[in-house]
Amino acid sequence: DPMGYEMQPGYPERLGEIVDALADWMLADGRIDFVLHGGDMIDVTADETIRQAAELFDLPAPVHLCLGNHDTTELNAAERWLAVAPKLFGESVTYSFESGGCLVHVVPTHWCEVDHYWQEELTPQLRPGQIEQVVRAAERRPDAVGILLTHSPMLGVPAERTGLGYDFHGPSET
């Protein structure tokens, strides 16, 4: 808070209540193995905000974060996230983990030529090293169902869902 960019009304003052309700539901259901957070957990990269987000999202199952553009507004954002909130990641911010016969690949999108950094440019792309890492992990477990999580929509958000008159965040050729 205050809210930064938003496509729909946000309720930051109710976030604790919403996360508590999620935690209660997870405990009551008892079948939740993990939570995938698709990014933009925070609006601007800062150690205190990262710490607050990690504390807030302390749920009854592991939370795995895919960094979004708003999570990476400083040049050393990936290192800061790993230092302040390591439980949200594997050994790096691009990682894979197994659960229930699934192999989940968490692959943050890059927005410019600088790794894990965003200011203005929105040219979503994956680095060759990230793709190779996913391929190596998948080759070790060819029998597992694969799930790929990135922050960028693979096909863009259709205009009919946004009301903008064009597909939002459509992928570039890269």
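What you are looking at is a predicted structure, and each value in this text was computed from that prediction instead of being measured. (Residues numbered from 1 in each chain as written. Predicted model: local features only at pLDDT ≥ 70, side-chain atom pairs only at ≥ 80, totals over all residues. Heavy atoms only, no water.)

## Concerning the overall build of the chain
- The helix and strand inventory of the chain stands at five helices and five strands.
- With respect to the three principal axes, the spread of C-alpha positions in the chain is 40 × 40 × 35 Å.
- Looking at the chain as a whole, 37% of its 174 residues are labelled buried.
- Counted over contacts in the chain with a minimum sequence separation of 6, partners at least 24 positions apart contribute 64%.
- If you sum the accessible surface of the chain, you get close to 10300 Å²; carbon and sulfur atoms cover 54% of it.
- Each charge class in the chain can be summarised by its mean position, and for the 10 positive and 29 negative side chains these summaries are 6 Å apart. (Helix = DSSP H or I, 4+ residues; strand = E, 2+ residues; numbered from the N terminus. Buried < 20%, exposed > 50% of the residue type's maximum accessible area, 1.4 Å probe, protein only. Contact = heavy atoms within 4.5 Å. Areas by Shrake-Rupley, 256 points an atom, 1.4 Å probe, with all protein chains shown as cover. Lys, Arg positive; Asp, Glu negative; His and termini not counted. Charge placed at Lys NZ, Arg CZ, Asp CG, Glu CD.)

## Thoughts on the side chain of threonine 72
- By the secondary structure assignment, threonine 72 is in the loop between β2 (63–65) and α3 (77–84).
- According to the relative accessible area criterion, threonine 72 is buried, its value standing at 2%.

## Regarding helix α1 (residues 15–29)
- Given a rise of 1.5 Å per residue, 15 residues ought to cover 21 Å, and the 21 Å separating the end C-alpha atoms of α1 matches this to within 8%.
- Looking only at α1, the buried set comprises Val19, Ala23 and Met26. For α1, the buried positions fall inside an angular range of 60 degrees around the axis, keeping them on one side. Residues of α1 that are exposed and point over 90 degrees away from its buried face: Asp24 and Ala28. (Expected span 1.5 Å × (residues − 1). Arc of directions from axis to C-beta.)

Don't take any of this as a statement about function, it's just geometry.
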